[in-house]
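A structural walkthrough
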Amino acid sequence: MLPGLKFVAVLGVVVGAMGSIPAQAETIRVNIDKLVFAPANISAKVGDTIQWVNEDVLAHTATVKGDWDVMIPPKKIVSFVLKKAGDVEYYCRFHPNMKGRIAVAPK
Amino acid sequence: MFARLSTAVAVICLLGTPSFAQGAKPTDPQIAHIAYTAGVIDVTAAKQAIKKSKNKAVVSFAKDMVRDHEAVNKQALALVKKLKVTPEDNDTSRTLTKQAAAKQAELAKLKGAAYDKAYAANEVAYHKAVIGALETQLIPASSNAELKGLLETGVKIFQGHLEHAEHVAAELK
């Protein structure tokens, strides 16, 4: 076997192994300013992290009724990993007029 | 102007609902005082609820009110200091405080579920009244852009609290 060919073969194995690793998880940032989630609508996939950046002096939550509930203290950044696929609507328990939506695709 | 304001206040007092005087155009120092007073009133009512109520949803709502209004009023004080505006006491602030004290005395006489319902109902009415006053009087009358901005955020906070209060009131039925 030519040395060059051997290298390609090894590379093939490595790339093949990498192919079986799921796509890299992403971090999606959602800003909270003056009681607004921005962007309000996001698309993500299972395993991605949502990072809420709370610019307000008020505590907020990102809550999905009957499912998850994330506390977001004032002037803090809070992360949450999406575990389930599906479209979810979330809101703030303290200020239910604050709403957001995440379309979570499977891995 | 002040005669008209007093008449409006008198009418509102007779109606017995928390409300704001119509017809007077307050100045920025007066607006700052009114907005701050509106927050203090809700904190006082919430502290009474925390002491009196045994209902989990009511107590947790009341704690949210204390936390939010104290945070906003702290921000409001920082803003007036920066703008070198001294909040100025006025008839609307005085009437609001008087009405709130009367309401608190009335609520103090109630117990248990009757208190919870009355507190939640008053929170709904109070937040509606404040939103109305902010939108129709205080925001249009304010001349400083930063003060106006804080009042506009105030509307969103009060709207959030109103929805929250409505949920609590509905749960108590």
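Residues numbered from 1 in each chain as written. Chains lettered and ligands numbered in written order. Predicted model: local features only at pLDDT ≥ 70, side-chain atom pairs only at ≥ 80, totals over all residues.

Residue and element names in this part refer to chain A. With respect to topology, four strands assemble into an open sheet ordered S2-S1-S4-S7, the strand pairing being mixed. Because the sheet does not close on itself, it has two edges, and the strands there are strand S2 (36-38) and strand S7 (77-81). Strand-to-strand twist in this sheet, taken as the mean axis angle between neighbours without regard to direction, amounts to 25 degrees. As paired strands, strand S1 (residues 27-33) and strand S4 (residues 49-54) are joined by six bridges and run parallel to one another. Bridging across to S4, Arg-29 finds its partner in Gln-51. (Pairing = 2+ DSSP bridges. Helix = DSSP H or I, 4+ residues; strand = E, 2+ residues; numbered from the N terminus. Axes fitted to C-alpha atoms, helices over the stretch in contact; angles between N-to-C directions.)

Here the focus is the packing of helix H2 (residues 28-52) of chain B against helix H3 (residues 56-83) of chain B. Residues and elements named next belong to chain B. It is the contact of H2 with H3, at a shortest axis distance of 8 Å, that shows an interaxial angle of 155 degrees. In terms of their interaxial angle, H2 and H3 are classed as roughly antiparallel. Of the two possible hands of crossing, H2 and H3 adopt the one that is left-handed. For the pair H2 and H3, the contacting residues are Ala-32, Ala-35, Tyr-36, Gly-39, Val-40, Asp-42, Val-43, Ala-46, Lys-47, Ala-49 and Ile-50 in the first and Val-58, Val-59, Ala-62, Lys-63, Met-65, Val-66, His-69, Glu-70, Val-72, Asn-73, Ala-76 and Val-80 in the second. Here the contact of H2 with H3 is built from residues that sort into 16 nonpolar, three polar and four charged. (Parallel < 35°, antiparallel > 145°, perpendicular 65-115°, else oblique. Left-handed = near helix turned anticlockwise from the far one by under 90°. Contact = placed C-beta atoms within 7 Å. Nonpolar A, V, L, I, M, F, W, Y, C, P; charged D, E, K, R; others polar.)

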